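Given next are the chains, with one letter for each unit.
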Amino acid sequence: MNSVRLWLRGFIPGPVAVNTTERLRACCGALLGILLTGLVSHLTLGSSAALPLLIAPMGASAVLLFGVPASPLAQPWSIIGGNLVAAVIGVSCARWIPEPLLAAAIAVSAAIGAMFVLRCLHPPSGAVALTAVLGGPAVTSQGFHFVLSPVLLNSVLLLLVALFFNNATRRRYPHSGQPDHGKLHQTKDLPSTARLGFTEADLDYVLQQYNQVLDVSRDDLESLFLQTEMHAYRRRFGEITCADIMSRDVISVEYGTSLEAAWALLQTHRIKALPVISPARRLIGIITQADFMRQADLQVYAGFEQKLKQFIRRTTGTHSDKPEVVGQIMTTKVTSADADMHIVELVAPLSDSGLHHIPILNDEGRLVGMVTQSDLVAALYRGRVVEIDAS
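Moving on, we come to the overall build of the protein chain. Within the protein chain one finds 16 helices and 6 strands. Within the span of the protein chain, comprising 391 residues, buried residues form 37% of the whole. The long-range share in the protein chain, meaning contacts at least 24 apart out of those at least 6 apart in sequence, stands at 65%.

Right under this line is the structure:
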């Protein structure tokens, strides 16, 4: 009896784990996409066109492009390539196979096979192939013109709307893979976060054994696993935030601080970075020892020290051909974190992105602290020790 219940339960899908805002976004995107596709098709083809302005499979494509834009089945090549190859195969089967039912079956199956080969699997494309065979005289009479209009026209228009709408509503589209930091130091070593736990090879092996098409990219699947590990860490070790581990007495500079004074601060306090703040203590940049080296164009050769001194030393005249203040050489794109952010969120930027210091900001965006790689290592170690002691 229990096995029957489990079998029947398989017919009822679980709840969709998206909030109301995301659901409304998908609905509005589909509304805009289908409406604009139909209007532009009407202007292009005219109201007297023999073919419909919109073909039914575009409704299914809209579900993917606006409802699940992260799906591998919803990417640009999927809709364009899938719909095109399915339309060509469907029209060919309609012309060369006299029995409509047989032609329809072969068209759909051949389209699926071709999409696998061309890596453009798009479920609505099966309906495109079926429409090309069973669409009636208005479709079959068009022959291969059906491929260009309305199939290609509808597909391109819907894709253009999806590109604009998804990015305008802060949904990354096309949905590319996660950034690869494995070659940060130009070595063969794996990123720091990939040296323990499961590896890319482990994930590839499991996916190969699973041997089914997943409606999620491999990179997204790996990201979800890593986020699950991070959430499990938070659950086990509690809410250790950046405010708990950050240095609060932060040595900082302003835009107009001279290079000579900034370098002296780095040497005096034995630190490698200085946050650059406005008079209201809002973060506007960061200056590191690497910025000095890069701007001075230093190489490892005799005269290194003298060249660095010449670059740092203040120019006494009224005109200078070299940078004189911090604001001229600072890095303006700074990765920062909120004071109430959990420290586990800092693992990736401090281990795989080449960062050594992360400024910490309060709710008003003002600098309140700094977390370094050493701070994070010590916090993770202490968290582990506390867990062992508690057990």
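Turning our eyes to something else, we now look at the sheet that holds strand 5 (residues 357-361). Taken together, 3 strands build an open sheet; the order of strands is 4-5-6 and the sheet is mixed. Of all strands in the sheet, those with a lone pairing partner are strand 4 (337-338) and strand 6 (367-372), marking the two edges. The pairing of strand 4 with strand 5 spans 2 bridges and is parallel. What sits directly across from Ala-337, in strand 5, is Ile-360.

With that settled, the discussion passes to the packing of helix 4 (residues 76-96) against helix 6 (residues 124-134). Close contact between helix 4 and helix 6 brings their axes to 7 Å; oriented N to C, the two are set at 25 degrees. By the angle between their directions, the pair helix 4 and helix 6 is classed as roughly parallel. You can see that helix 4 and helix 6 cross each other, and the crossing is right-handed. Only Pro-124, Ser-125, Val-128, Ala-129, Ala-132 and Val-133 of helix 6 make contact with helix 4, whose side of the interface consists of Gly-82, Asn-83, Ala-86, Ala-87, Gly-90, Val-91, Cys-93 and Ala-94.

Bringing the pairing of strand 5 into the picture now. When you tally the buried positions in strand 5, you get 5 out of 5 residues, the bulk of the element. Residues His-357, Pro-359 and Leu-361 line one face of strand 5 and the alternating positions Ile-358 and Ile-360 line the opposite face, and both faces are buried. Of the pairings in the sheet, the one linking strand 5 to strand 6 comprises 5 bridges and is antiparallel in character. Along strand 6, the bridge assignment pairs Ile-360 with Gly-369. Counting the residues between successive antiparallel strands, the hairpin from strand 5 to strand 6 contains 5 residues, one of them, Gly-365, with a positive phi of roughly 80 degrees.

So, on to the environment of Trp-263. Topologically, Trp-263 is positioned in helix 12 (residues 259-269). The exposure class of Trp-263 is buried, given its relative accessible area of 16%. Residues Trp-263 and Val-326 lie 63 residues apart in sequence; the distance between their C-alpha atoms is 9.6 Å.

Note on placement: Asn-83 falls in helix 4. On the basis of relative accessible area, Asn-83 is assigned to the buried category, the value being 0%. One polar contact links Asn-83 to Ser-125, side chain to side chain, over a distance of 2.7 Å. Separated by 2.9 Å, the side chains of Asn-83 and Ser-155 make a polar contact. Not counting chain neighbours up to four residues away, the residues in contact with Asn-83 comprise Met-58, Ser-61, Ser-78, His-122, Pro-124, Ser-125, Val-128, Val-151 and Ser-155.

The geometry of helix 3 (residues 57-67) relative to helix 8 (residues 145-168) is characterised by a closest axis approach of 10 Å and an angle of 25 degrees between their N-to-C directions. Regarding the angle of helix 3 to helix 8, the classification is roughly parallel. Read as a crossing pair, helix 3 and helix 8 show a hand that is right-handed. For the pair helix 3 and helix 8, the contacting residues are Met-58, Ser-61, Ala-62, Leu-65 and Phe-66 in the first and Asn-154, Ser-155, Leu-158, Leu-159, Val-161, Ala-162, Phe-165 and Asn-166 in the second.

Under the defined criterion, the tally for this structure stands at 3 salt bridges. Across the salt bridge formed by Arg-25 and Glu-22, the nearest N and O atoms sit 3.0 Å from each other. Note that Arg-25 and Glu-22 are positioned in helix 2 (residues 20-45) at a spacing of 3 residues, about one turn of the helix. Take Arg-25 and Glu-22: they sit in the same class, and that class is buried. The closest approach of N and O atoms between Arg-171 and Glu-22, which form a salt bridge, is 2.6 Å. Linking Arg-171 in the loop between helix 8 and helix 9 (200-210) with Glu-22 in helix 2, this pair joins segments that are 149 residues apart in sequence. Exposure remark for Arg-171: the relative accessible area of 30% places this residue in the partly exposed category. For Glu-22, a relative accessible area of 14% gives the class buried. Salt bridges here are not isolated pairs; linked through shared partners, they connect Glu-22, Arg-25 and Arg-171.

With that settled, consider the environment of Ala-337. Tracing the backbone through its elements, the reader meets Ala-337 in strand 4. Judged by relative accessible area, Ala-337 falls into the buried class, the value being 3%. Here the alpha-carbon distance between Ala-337 and Pro-359, two residues 22 residues apart in the chain, equals 6.5 Å.

The subject of this paragraph is unusual backbone geometry. Residue Pro-150 is bonded to the preceding Ser-149 through a cis peptide linkage, with omega at 20 degrees. Phi is positive for Arg-119, which is not a glycine, with a value near 60 degrees. Mapped onto the elements, Arg-119 comes out in the loop between helix 5 (100-118) and helix 6. The class of Arg-119 is exposed, set by a relative accessible area of 74%. Notably, Arg-281 is not glycine yet its phi reads approximately 65 degrees, a positive angle. Tracing the backbone shows Arg-281 in the loop between strand 2 (273-277) and strand 3 (283-288). Given a relative accessible area of 34%, Arg-281 falls into the partly exposed group.

Procedures and definitions
Per-chain numbering applies: the sequence of each chain, read as written, is numbered from 1 onward. Local features in a predicted model are, by the rule used here, given only for residues with pLDDT of at least 70; side-chain atom pairs are given and counted only at 80 or more, and totals for whole chains, interfaces and linings are based on all residues. Note that the side-chain values use all heavy atoms of the structure and ignore hydrogens as well as water. Helix numbering and strand numbering both begin at the N terminus, where a helix is a DSSP run of H or I of at least 4 residues and a strand a DSSP run of E of at least 2. Only protein chains enter the accessibility calculation, which uses a 1.4 Å probe. A residue is then buried if its area is under 20% of the maximum for its type, exposed if over 50%, and partly exposed in between. Whether two residues are in contact is decided by their heavy atoms: any pair within 4.5 Å suffices. Pairs of strands are assigned from DSSP output, requiring at least two bridges between the strands. Every axis corresponds to a line fitted to the C-alpha atoms, with the helix fit spanning only the stretch in contact, and the corresponding angles, defined between N-to-C directions, vary from 0 to 180 degrees. Any angle from 65 to 115 degrees is called roughly perpendicular, while one under 35 is roughly parallel, one over 145 is roughly antiparallel, and all others are oblique. Left-handed describes a crossing whose near helix is turned anticlockwise from the far helix through less than a right angle; right-handed describes the clockwise counterpart. Here a polar contact means two N or O atoms within 3.5 Å. Within protein one must be a hydrogen donor candidate and the other an acceptor candidate, and residues neighboring in sequence count only if both atoms are side-chain atoms. Every case where a carboxyl oxygen of Asp or Glu lies within 4 Å of a side-chain nitrogen of Lys or Arg is listed as a salt bridge.

Remember that the coordinates give geometry; whether it matters functionally is a separate question.
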